[in-house]
Amino acid sequence: AKSWILLKHFDGFPKDSDFEVKVEELPEPRDGEVLLEAVFLSVDPYLRPFSRFRMKEGDAIIGSQVAKVIQSKNSAFPVGSHVVSSCGWTTHSISDGKDLTPVMADWPKDVSLSLALGAIGMPGLTALYGVEEVLDLKEGETLLVNAAAGAVGSVVGQIAKIKGCKVVGSAGSEAKVAFLKELGFDEAFNYKTVSSLEEALRKASPDGYDCFFENVGGHFSTAAIQQMKNFGRIAVCGSISLYNDTTPQTGPYQHLTMITKQLKMEGFMQSRWTHKHPESLKRLMAWFKQGKLQCREHVTKGFENMPAAFMGMLKGDNTGKAIVAV
Ligand code: NDP
């Protein structure tokens, strides 16, 4: 098995020298175990903030993958079946099955299994729970989402359209803005080139926002909070603009606006609703089959390119879900 390990804890933006490949011989699977071979690996933003407290230097890098069972001594996972595993950045692994989720039983043959890491997997579930459980988005409301062309954001906007809402999205390039329009977003803008975020947000929805799905944090938050309607709701999903900061930012704390507008802000992790995953994945797949949910992917080829794919995603190279195909 080849595995990427964390050689040095990230200090600021990750560097090539923070990563190293380790090769090891795996034992034969024992009774109850399976041998897995990675097919698609996920590169996710959470690795950056979680690396400090979930990994030590020298540990294998955390992450999930779609893997094929290539040897099995566990009848729940026959040879040739596919699973989602959280075994990390590795080409082969042995599992007793406890950390494995079989890919949906009726996964259509013509749909890439990589979507199980994206719109019909963890990021899609995150979008769904943020919109339904946290924001409780209602028909006719206006929703704002940032990092909108990414894995989570692009699904958030499309679910909000399915629910009959007005959707405004921001992203970091003209091509991404065009992609958002293709997805049916009512308004989209490039946050890197607008002269004022406040003005761009006001122009996109002069009446303000009922709901804000927050992926970015920092200055964007400050601007967005000011544009909320009274009693607006904010789902805090991520704060990617802060993940590589070496000195923690103070603020932006718009407490006075939070108070005067009587806003509600709630942080969440998709894992709160694990019990709903099977049902939710079926709903996402149904929307996909009906053409209501488009799934864009940014595929990097080659296990050796995992760090490059991860760093590229943090820089915004990806439109849709960033994955690596082995
Ligand atoms: P994306 O596919 O959206 O990829 C990350 C994107 O973030 C980049 O493409 C880039 O797009 C954008 N970005 C990077 N730096 C900045 C910046 N400084 N300011 C604004 N945008 C930036 O990733 P995911 O969809 O997987 O994740 C999106 C967010 O959701 C992250 O914050 C992540 O941590 C969070 N998350 C939370 C979960 C939860 O359970 N709470 C679960 C999964 C994800 P651009 O070109 O537009 O800048």
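Starting from 1, residues in each chain are numbered consecutively following that chain's sequence as written. Residue-level local features of this predicted model are given only where pLDDT is at least 70; pairs of side-chain atoms are given and counted only at 80 or more, and the full residue set underlies all totals for whole chains, interfaces and linings.

Draft legend 1. Expanded view of the overall build of the protein. Helices and strands together make up the secondary structure of the protein, namely nine helices and 15 strands. In this setup the radius of gyration rests on C-alpha atoms only. A globule is expected at 2.2 Å times the number of residues raised to 0.38. Expected size for 326 residues packed as a compact globule is a radius of gyration near 20 Å; at 20 Å, the protein falls within 12% of this value. Projected onto its principal axes, the C-alpha coordinates of the protein cover approximately 60 × 45 × 35 Å. Looking at the protein residue by residue over its 326 residues, the buried ones come to 42%. Under the DSSP-based scheme used, a helix requires at least four consecutive residues in state H or I and a strand at least two consecutive residues in state E, with every element numbered from the N terminus. Every C-beta atom is placed from the backbone, and the number of other C-beta atoms within 10 Å of a residue's own sets its class: buried at 20 or more, exposed at 12 or fewer, partly exposed in between.

Draft legend 2. Fine view of the pairing of strand β5 (residues 82–85). Whether two strands pair comes down to DSSP finding at least two bridges between them. In terms of strand pairing, strand β4 (residues 65–72) meets β5 through four bridges, oriented antiparallel. Across the sheet, residue Gln65 finds its bridge partner in β5, namely Ser85. Where β5 lies against strand β7 (residues 100–102), three bridges are found, and the strand directions are antiparallel. Following the sheet pairing, Val84 is matched in β7 by Thr101.

Draft legend 3. Quick look at the site of the ligand. A residue counts as near a molecule or strand when its C-beta atom, positioned from the backbone, falls within 6 Å of it. Close contacts around the ligand come from 30 residues, with Gly150, Gly172, Gly238, Ser241 and Gly316 the closest. Residue assignment for the shell around the ligand shows that the elements contributing at least two residues are α2 (122–135), α3 (151–162), α9 (306–315) and β15 (321–325). The element best represented in the shell around the ligand is α3, accounting for three residues. An automatic or database domain assignment provides the domain bounds reported here. Residue assignment places the shell around the ligand across two domains, with domain 1 (2–118 + 296–325) and domain 2 (122–271) each supplying three or more.

Draft legend 4. Region of interest: the environment of Thr260. Its place among the elements puts Thr260 in helix α7 (residues 255–260). Judged by the 10 C-beta atoms lying within 10 Å of it, Thr260 is exposed. A C-alpha to C-alpha distance of 48 Å links Thr260 and Trp107, two positions 153 residues apart in sequence.

Draft legend 5. Focus on unusual backbone geometry. In the Ramachandran plot, Phe231 falls in the positive-phi region, its phi being about 65° despite a non-glycine side chain. If you trace the backbone, Phe231 turns up in strand β12 (residues 228–236).

Draft legend 6. Broad picture of the packing of α2 against α3. Where α2 meets α3, the closest approach of the two axes is 8 Å, and the angle between their N-to-C directions is 45°. Taken together, the axis directions place α2 and α3 in an arrangement best described as oblique. In this structure, α2 meets α3 at a crossing whose hand is right-handed. Between α2 and α3, the contacting residues are Pro123, Gly124, Thr126, Ala127, Leu128, Gly130 and Val131 on the first element and Ala151, Val152, Val155, Val156, Ile159 and Ala160 on the second. Only the stretch in contact is used when a helix axis is fitted, and all axes are lines through C-alpha atoms; the angle between N-to-C directions ranges over 0 to 180 degrees. Should an angle fall under 35 degrees it is taken as roughly parallel, and over 145 as roughly antiparallel, whereas 65 to 115 is taken as roughly perpendicular and any remaining angle as oblique. A clockwise turn of the near helix away from the far one marks a right-handed crossing, whereas an anticlockwise turn of less than a right angle marks a left-handed crossing. Any residue pair is listed as a contact if its two C-beta atoms, each placed from the backbone, are within 7 Å.

Draft legend 7. Region of the structure containing the nonpolar core. Linking buried Ala, Val, Leu, Ile, Met, Phe, Trp, Tyr and Cys residues through C-beta atoms within 7 Å yields a set, and such a set is a nonpolar core. Of all hydrophobic cores here, the largest spans 89 residues; its most connected members are Val131, Leu143, Val156, Leu180 and Phe213. For this core, the element with the most residues is α2, which contributes eight residues. Two domains each donate at least three residues to this core, and these are domain 1 (2–118 + 296–325) and domain 2 (122–271). Dropping the residues within four chain positions of it, Val131 is found in contact with Leu137, Val156, Ile159, Ala160 and Phe213.

Draft legend 8. Examining the sheet that holds strand β10 (residues 187–190) more closely. Reading across the sheet, the six strands line up as β10-β9-β8-β11-β12-β13 and stay open at both edges, with parallel pairing between neighbours. Each of the sheet's edge strands pairs with one partner strand only, and the pair in question is β10 and β13 (264–267). Neighbour-to-neighbour, the strand axes of the sheet open up by a mean angle of 15°, direction not taken into account. The sheet contact formed by β12 and β13 spans four bridges and is parallel. Bridge pairing in β13 places Ala235 opposite Glu266.

Draft legend 9. Layout of the domain arrangement of the protein. If you check the domain split of the protein, you get domain 1 (2–118 + 296–325) and domain 2 (122–271). For domain 1 versus domain 2, the distance between C-alpha centres works out to 29 Å. Taken together, the contact pairs 14 residues of domain 1 with 16 residues of domain 2. Put simply, Ala, Val, Leu, Ile, Met, Phe, Trp, Tyr, Cys and Pro go in the nonpolar bin, Asp, Glu, Lys and Arg in the charged bin, and everything else, Gly too, in the polar bin. By residue class, the composition of the side of domain 1 that touches domain 2 is three nonpolar, seven polar and four charged.

Draft legend 10. Representation of α3 in the model. Along its 12 residues, α3 runs 17 Å from first to last C-alpha, staying within 8% of the 16 Å computed at 1.5 Å per residue. Taken across its 12 residues, α3 has 10 buried, putting it largely inside the fold. Ala151, Val152, Gly153, Ser154, Val155, Val156, Gly157, Gln158, Ile159 and Ala160 are the residues of α3 that are buried. Buried residues in α3 make contact with α2, β8 (142–145), β9 (166–171), α4 (174–182), β11 (209–214) and β15. Following α3 by one or two positions, Gly164 has its phi on the positive side, about 80°. Any helix carries an expected span of 1.5 Å times its number of residues minus one.

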